[in-house]
Amino acid sequence: MTTAVTGELRAESAELQGFRRVQRLAYECAEAVAAQLEPGITEREAARMQREWLRERGVRDWFHLPFAWFGDRTAFVKFRIPLQFFPTNRRLEPGMPFILDMAPVFDGYTADIGYSGSLGINPVQDKLMADLEAHRELILREVRERRPLREIYENVDRLMVRQGYANRHRAYPFGVIAHKVDRVRQRRWSAHVFGFGTQSLKGLASDALHGHREGWSPLWSPYRFSDHPPQPGLWAVEPHLGFRGTGAKFEEILVVTDSADPEESAFWLDDDLPHVRRWAEEK
Amino acid sequence: MTVPVTLQDARERRVRTGGVELCVAELGDAGQPTVILVHGYPDSKEVWSEIAPRLADRFHVVLYDVRGHGRSTAPRPLRGGFTLEKLTDDFLAVADAVSPDRPVHLVGHDWGSVQAWEFTTVERTEGRIASFTSMSGPSLDHFGHWINTRLKRPTPRRVGELLGQGAKSWYVYALHTPVLPELAWRGPLGKRWPRLLERFEKVPGDGYPTSSLPTDAAHGSWLYRDNVRSRLRRPRPDAYAHAPVQLITPLQDAFLSEKLYDELELWVPQLTRRTLAAKHWIPRSRPDQLAAWITEFVTSVEGGRPDGVTATGKYADRFGGQLVLVTGAGSGIGRATAYAFAEAGARVVAVDRDAEAAARTAEMSRLIGAPEAWAETVDVSDEQAMEKLAEKVARDYGVVDVLVNNAGIGLSGSFFDTTPEDWKKVLDVNLWGVIHGCRLFGRQMAERGQGGHIVNTASAAAYQPSKALPAYSTSKAAVLMLSECLRAELAGQGIGVTAICPGFVNTNITSTAHFAGVDAEEEKRRQKKSARLYGLRNYPPEKVADAILRAVVRGEAVVPVTPEARGAYLMSRFTPKALRRIARLEPPL
C-alpha cells in the first residue's frame, strides 16, 4: 500500500494521526526503557526491553527491530560493516551515553525514532543534543525552500563541521540522513531479514523503483540519486552527531506535501517530543 | 610569576627526637593544610627553596633537615642511626610538633621519597598522613619485591629491566664501600659537585647546594648502608599505602628507571601518575610544574577526591595541568590537537583568526577534560597581534608548556602563475606565523628555564617536491628546517622541537586553498575536487593529533604521519630520484 500520500497529508488528517500515535508510542517506549537502564545492562537486554514493551502494547511488525548503542558505539567508532549496528553484549556504565533506536509498525502506521541519553550526567552528550536543535531547524527551513536533498545534506554536513562534530549518519547504509516511511499492510505474521521488516522493505523497494523512473529516491543520501527536490511523503529524518566517542541523534518524521504554502509544504509530524521539549525547557 | 617569600622568611624551630635535634622550617599560614617536604641525598631542606615559597600562599609548608643533614644534628654512632624506623620516629615528631591535630600531606624527593614510602606504608603512621607525593624515590620494600618477581620469572624483558636498573644503581654499590665515599665527599667530589649538577643534571646554578654538602653527603651514606641491603633482601610483605599517592616520574632520571613503578598499583589503591621530561633533580629544575601538581593533588584530597586526576586521555600523566597553545585551532588538525590535549587534562589556549571557531574549540575542550580553556582571535601572520597575544598569555595564563604552531593555508598552481602577493600571503602565514610563535613563546619558555616543547606543523610537501605546489612546499620546507635548527639550539635548555609532516589529511585546507592562475569558478571547482579526493583518502585529523602528543612525549624530531608521508620521507632519503619523477606528475584536479 504505497500510497500517493499527497492531498491527504494535512496536519489534522486521520492518516497523520495514525503516524503521530505510533511515533508517540515509540518515544514513550524509549523513555520507559531509558528510565529502567542501570549499570551492567547490555545492549541486547536494552533492545529486548524495547521489543517487549512494544509487543505488549500491540506492535506486531517492524520497519526495523530496536537497536541500542552504548558508550563509543553511539558514535559508531570503528564501524566497518552493517552487522556492527546490531546490539552487542557491551555493558552500560555510569556516565555512558546511549542511543535507543526503534521503528515499530502499529495498525499499519510506521514510526522510526531515535532517543539519546546517558546514564547519569554526560556533559558532552548534553552539548551534542543541544546543538542538534540547529539541525532540526535547518532541515525544515531548507526543505520548505525546496532545495535538492543532496544540497541540504551538504549544508547539514557543513553545520556539523562548523560545530566541530563528525557526521555519523554517514555510517548508516547508503550514508542516509533520512529515508521514506509509509503505511504497511498488516499480515498475520511478519518476517524480517537482517532486522528489517519484509513488508517495510517491500514498500521501500517499490518506492525506489517508482523513484528511479521518476528521478527521485526514498533514501536521502549525499549521492547523486538524491539530487532532487523533496518528494512529498513522510521522511524519517535522523541527523547523527559524533564527537570523540560520544554520539547523539534524534529521529522523527518530517511530513512533506505538495502544498504551495511553505508552512504546509513541510512540517514535523509532532512537536511534542522529548528532545523538542528539552530545548524549550532550556530556553 | 613573582615569588614574594624565600626560605629566609621561614620560621625556624628545633625538634628533639631519639637523641638528635632536627631543624624545622615553616612557611605560610599554620591554619592551612600542612605540607611536609622531605629532601633527598645528598641534599638538605634547601633543595625545596624554589618549591616551598610557591606552595606557601595556599598551604602551611614545613621542611626539615633529615638527621645528619643541614642544620640537624647527627646520631652517635652513625652506624645504625639512619634506619627507616628511626627516620619514621623523626617524621612523627615533626608532624606532631607542626600539626598535632590534622594529618599532613607528605612530599618526598629521592631519599626523602624512600623514607616517605616507609611512613606511608607502616601501621603506626596511619591517620597521620593525608596524602603523599613521591618523586624519584621508590619504596625499598616495593623495590625488593620488584627485583624478586624478576628473578623468579626472568623473561628477556624482565632481565633487561633488571640489568638496566642494576646499571643505574652503580652509586649505591659505591656508597657501600667503607670510608672512601666520605673521603671523596669531604675532598674533591664535594668541591666539584655543584658544577657536576649544573653540567650533567641541568640544575640551574643558583646558590644550591649549600655549604653543608660535604657533611650531608658523608653522613647520608649511612642511609644506604643501614637500609638498602637489609630491606632488599627481606622486603616487608605488607607495604600497602594507607593514603592516596601521587607519583611523579622524571623520564630522564639517570639513577632510577621508570619501570620500577610498573606494579605500583598492587601496593597503592589510590594512585595518580604524573610524568615529566626532566632529569633527577626536579625540585630544582621544574619547580613550577611540581608546585602546580602538588597544589592540585593536595587540594583534591582535601576536597574529598582522592583520585586526583579526572582527565581520561592516554597521556594524562604527562600533560595534566600543562598550558598548551595551539594556533589554527578553529578547524582541522589544530582543533583535533587542542581536543587531544584537553582530553589529557591540559589547559588549552585555542588561537584562530576565526573568533567563533576558536571559541567553539575552547568550549568543547572544557567539556572533555581541560580544566581551563581560552579562545584567542589572532592572525598568526600579524607580528604585532602575535606580540600582544604572547604578552597576554604570559600575564593571564602563564608560560606555555607546549606550543603547537599549526596555522597554515594552502596554495596551489604553477610557479609562473603564482604572483608575488600569493607568495607573500602563503609565506606570511605558513612561515612567519611559525617564526613569530617560536620567537615569542619559545623565548618565554627559554627564559623560564623549565623546559617545554614546540611542535611545528610542516608537511609531507616539505620533502616531497611537486610542480603543483611550489610556494606551499617552499614554505613548509622552511618550517621543517627551522624546526631542526631550533631543536639544536634549544636542546641544552630542555626544550624539544618537533616538525610534524601530516600528508593528505581530511581537513578544510583544501576548500580554503588558493589556486593560482585560474578564474574564480575554476578555483571553486578545484577546491571541491581536491576536497573530494582528500575526503576519499579520509585520513582523520584526530590521528595526526595523536601523533603530535606521542611526538611530544617521546621528543621526536621529524614525524611523518600518514603512510604516504612516511613513504615519501623514506624515498627522500634513499631514492630521491624516484621522488623527483613523482614531482613531475600532474595532480588529478
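Everything numeric in this text was worked out from a predicted model, so none of it was measured.

Caption draft 1: Quick look at the overall build of chain A. A count of helical and extended segments in chain A gives seven helices and 14 strands. Scaling as 2.2 N^0.38, a compact globule of 283 residues should have a C-alpha radius of gyration of about 19 Å, and chain A matches this with 18 Å. Here the C-alpha coordinates of chain A stretch approximately 50 × 50 × 35 Å along the principal axes. Looking at chain A alone, contacts between residues at least 24 apart form 70% of all its contacts between residues at least 6 apart. About 12300 Å² of surface is accessible on chain A, with carbon and sulfur atoms providing 52% of the total. The averaged location of the 41 negative side-chain charges in chain A is 6 Å from the averaged location of its 39 positive side-chain charges.

Caption draft 2: Fine view of the sheet that holds strand S3 (residues 34-38) of chain B. Residues and elements named next belong to chain B. Sheet architecture is open: eight strands sit in the order S1-S2-S4-S3-S5-S6-S7-S8, paired in mixed fashion. The open sheet terminates on both sides in strands that have one partner only, identified here as strand S1 (11-17) and strand S8 (271-276). If you compare each strand with its neighbour and ignore which way they point, the axes differ by 20° on average. Relative to strand S5 (residues 104-109), S3 is paired through four bridges, and the arrangement is parallel. Opposite Val35, over in S5, you have His105 as the bridge partner.

Caption draft 3: Representation of the pattern of salt bridges within the structure. Taken as a whole and assessed by the stated rule, the structure comprises 61 salt bridges over all chains. Close ionic contact of Asp227 of chain A with Arg150 of chain A constitutes a salt bridge, the shortest N to O distance being 3.4 Å. Pair noted here: Asp227 of chain A is in the loop between strand S9 (219-220) and strand S10 (233-237) and Arg150 of chain A is in helix H4 (residues 149-163), with a separation of 77 residues, a long-range link. Overall, Arg150 of chain A belongs to the partly exposed group, its relative accessible area being 24%. A salt bridge links Arg16 of chain B to Glu21 of chain B; the shortest N-O distance between them is 2.8 Å.

Caption draft 4: The sheet that holds strand S17 (residues 558-560) of chain B, seen in detail. Residue and element names in this part refer to chain B. As summarised here, the arrangement of the seven strands in space is S11-S10-S9-S12-S14-S15-S17, forming an open sheet in which the pairing is parallel. Where the open sheet ends on each side, the last strands, each with one partner, are strand S11 (373-377) and S17. Each neighbouring strand pair of the sheet contributes to a mean axis angle of 15°, computed without reference to strand direction. Where strand S10 (residues 347-352) and S11 come together, five bridges link them in parallel fashion. When the sheet's bridge partners are listed, Ala350 is paired in S11 with Ala375. Together, strand S9 (323-327), strand S12 (402-405), strand S14 (452-457) and strand S15 (495-501) form the strand contacts of helix H16 (residues 420-448), whose direction differs from that of S12 by roughly 175°. Strands S14, S15 and S17 of the sheet are contacted by helix H17 (residues 470-490), whose axis makes an angle of about 160° with S15.

Caption draft 5: Layout of the interface of chain B and chain A. Facing twelve residues of chain B, the contacting portion of chain A comprises eleven residues. Carbon and sulfur atoms supply 54% of the area that chain B and chain A bury against each other, a total of about 1000 Å² over both sides. Looking at the side of chain B facing chain A, the largest losses of area belong to Arg360, Met364 and Leu367 of chain B, adding up to 45% of the total buried there. Between the two partners, chain B and chain A, sit three salt bridges. For Asp131 of chain A, the salt bridge is made with Arg360 of chain B, and the minimal N-O distance between the two is 2.4 Å. Where chain B packs against chain A, one counts six residue pairs in polar contact (both at pLDDT 80 or more). The residue inventory of the side of chain B that touches chain A, partitioned by class, reads six nonpolar, no polar and six charged.

Caption draft 6: Fine view of the pairing of strand S6 (residues 129-135) of chain B. Residues and elements named next belong to chain B. Here S6 lies mainly inside the structure; seven of its seven residues are buried. Where S5 lies against S6, six bridges are found, and the strand directions are parallel. Within S6, the position partnered with His105 by the bridge is Ser131. This β-α-β element, S5 to helix H3 (residues 111-121) to S6, shows right-handed connectivity.

Caption draft 7: Main features of the pairing of S5 of chain B. Burial of S5 of chain B is extensive: six of the six residues sit out of reach of the surface. Residues Val104, Leu106 and Gly108 of chain B of S5 of chain B are buried on one face, and the alternating residues His105, Val107 and His109 of chain B, pointing to the opposite face, are buried as well.

Rules used throughout
Residues numbered from 1 in each chain as written. Chains lettered and ligands numbered in written order. Predicted model: local features only at pLDDT ≥ 70, side-chain atom pairs only at ≥ 80, totals over all residues. Heavy atoms only, no water. Helix = DSSP H or I, 4+ residues; strand = E, 2+ residues; numbered from the N terminus. Rg over C-alpha atoms; globule rule 2.2 N^0.38 Å. Contact = heavy atoms within 4.5 Å. Areas by Shrake-Rupley, 256 points an atom, 1.4 Å probe, with all protein chains shown as cover. Lys, Arg positive; Asp, Glu negative; His and termini not counted. Charge placed at Lys NZ, Arg CZ, Asp CG, Glu CD. Pairing = 2+ DSSP bridges. Axes fitted to C-alpha atoms, helices over the stretch in contact; angles between N-to-C directions. Salt bridge = Lys/Arg side-chain N within 4 Å of Asp/Glu carboxyl O. Buried < 20%, exposed > 50% of the residue type's maximum accessible area, 1.4 Å probe, protein only. Buried area = accessible area lost by both parts, 1.4 Å probe. Polar contact = N/O pair within 3.5 Å; in protein donor to acceptor, adjacent residues only side chain to side chain. Nonpolar A, V, L, I, M, F, W, Y, C, P; charged D, E, K, R; others polar. Right-handed = clockwise from strand over helix to strand, strands pointing away.

Coordinates in, geometry out; function isn't part of it.
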